[in-house]
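Working through the structure, step by step
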Amino acid sequence: MSESEHRVVVEGSRILTPRLILRPWEREDAEPALSVYGSDDVARWLAPAVERVADAQTMRAMIDHWIADSETREQPQGRWAVVLRETGELVGGAALLPLPPYDVDLEIAWQLAPDAWGKGLAAEAGHGVAHHAFASGIDELFAVVRPNNARGAATARRVGMAWVGETEKYYDLRLQVYRLRKADLDAPTQPYGI
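What comes next concerns the included structure. Note that the coordinates shown come from a computational prediction; the quantities given were computed from them, not determined experimentally.

Cut-offs and rules
Residues numbered from 1 in each chain as written. Predicted model: local features only at pLDDT ≥ 70, side-chain atom pairs only at ≥ 80, totals over all residues. Heavy atoms only, no water. Helix = DSSP H or I, 4+ residues; strand = E, 2+ residues; numbered from the N terminus. Contact = heavy atoms within 4.5 Å. Core = buried A, V, L, I, M, F, W, Y, C linked by side-chain atoms within 4.5 Å. Buried < 20%, exposed > 50% of the residue type's maximum accessible area, 1.4 Å probe, protein only. Salt bridge = Lys/Arg side-chain N within 4 Å of Asp/Glu carboxyl O. Phe/Tyr/Trp six-rings, centres within 6.5 Å; stacked < 30°, edge-to-face > 60°.

1. Focus: the environment of Val164
When you line up the elements, Val164 lands in strand β8 (residues 162–167). Between the alpha carbons of Val164 and Leu96 there is a distance of 19 Å; along the sequence they are 68 residues apart. If sequence neighbours within four positions are ignored, Val164 has contacts with Val177, Tyr178 and Arg179.

Following this line, the structure appears as structure tokens:
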């Protein structure tokens, strides 16, 4: 992967990647966020932690909660709206949050609207969040993926994460666990778009 594909810039609470802006959520994001969190194809991998969002009012309440929650978290933790740099279109969300039940391991997560799939945007968002976390002093990150979520597993690998096994430790579900250590960030991987 070329150096430009790895370019990540953090400007305050925003993370900039070659094609994306990860920025704090805003109440006005409710309608476009519904294309992500209201999609059955996305929600099936998030439930029961996050159920499918039925309408804009519920999405707005969820975003209000995310905004308030992010304000109480220590950096680099938080949640971001994922926006295309070229058009300003909101295409998803990303997060860096402690994994339950012990809140020790940090989880990197990404969700995209189905029409944004297959373009490498989730891996680019995950990569941007990883850069932000490691620049803030974090040594390792985890992603958890349902065993049948081949797309989520492939994205974790494209971010540079290594599969470390399966567990029922998190969310009371059987999950595949991927880990990324600071020293492994930007090791040669597949390009975002593959």
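On we go from here.
2. Points about the nonpolar core
Judged by nonpolar contacts, the single largest core of 33 residues is most densely connected at Leu22, Ile108, Leu141 and Met161. Those elements that place two or more of their residues in this core are β3 (20–23), β4 (78–84), β5 (90–98), β6 (106–112), α5 (121–135), β7 (140–145), α6 (150–159) and β9 (175–181). Sorting elements by how many residues they give to this core places α5 first, with eight residues. The residues contacting Ile108, other than those within four sequence positions of it, are Ala95, Leu96, Gly126, Val129, Ala130, Leu141, Phe142, Ala143 and Met161. Judged by nonpolar contacts, the second largest core, of 15 residues, contains Ala30, Tyr37, Val42 and Val53.

3. Looking at the environment of Ile63
Locating Ile63 in the fold gives a position in helix α4 (residues 56–72). Residue Ile63 is classed as buried on the basis of its relative accessible area of 0%. Sequence spacing of Ile63 and Tyr37 is 26 residues, and the spatial spacing of their C-alpha atoms is 11 Å. If we ignore the near neighbours within four places in the chain, the residues touching Ile63 are Trp25, Glu26, Arg27, Asp29, Ala30 and Ala33.

4. Quick word on the pattern of salt bridges
All chains considered together, the criterion is met by 11 salt bridges. The residue Arg52 makes a salt bridge to Asp40 at a minimum N-O spacing of 3.0 Å. Here Arg52, found in the loop between α3 (40–46) and α4, pairs with Asp40, found in helix α3; they are 12 residues apart in sequence, far enough to count as distant. Exposure remark for Arg52: the relative accessible area of 41% places this residue in the partly exposed category. The exposed category is assigned to Asp40, whose relative accessible area is 53%. Between Arg174 and Glu166 there is a salt bridge, and its shortest N-O distance comes to 3.0 Å. Ionic contacts of the salt-bridge type, sharing partners, join the residues Arg23, Glu26 and Asp29 into one network.

5. Remarks on the packing of aromatic side chains
For the structure shown, the criterion picks out three aromatic pairs. Ring centres 6.3 Å apart and planes at 65° place the aromatic pair Trp25 and Tyr37 in the edge-to-face group. With Trp25 in the loop between β3 and α2 (30–37) and Tyr37 in helix α2, this residue pair connects regions lying 12 residues apart in the sequence. The residues Trp25 and Tyr37 share a single accessibility class, namely buried. With a centroid separation of 5.1 Å and an interplanar angle of 55°, the aromatic rings of Trp25 and Trp66 are classed as tilted.

6. Quick notes on unusual backbone geometry
The omega torsion across Gln75 and Pro76 is 10°, close enough to zero to call that bond cis. Looking at the secondary structure, you find Pro76 in the loop between α4 and β4. Cis rather than trans, the peptide bond between Pro100 and Pro101 has omega equal to 10°. Of note, Pro101 is situated in the loop between β5 and β6. Phi is positive for Tyr171, close to 60°, though the residue is something other than glycine. For Tyr171, the location among the structural elements is in the loop between β8 and β9. Classification of Tyr171 as partly exposed rests on a relative accessible area of 29%. The residue Asp172 is not glycine, and still its phi comes out positive at about 55°. The class of Asp172 is exposed, set by a relative accessible area of 73%.

In short, the description is geometric, and any link to function would need to be established separately.
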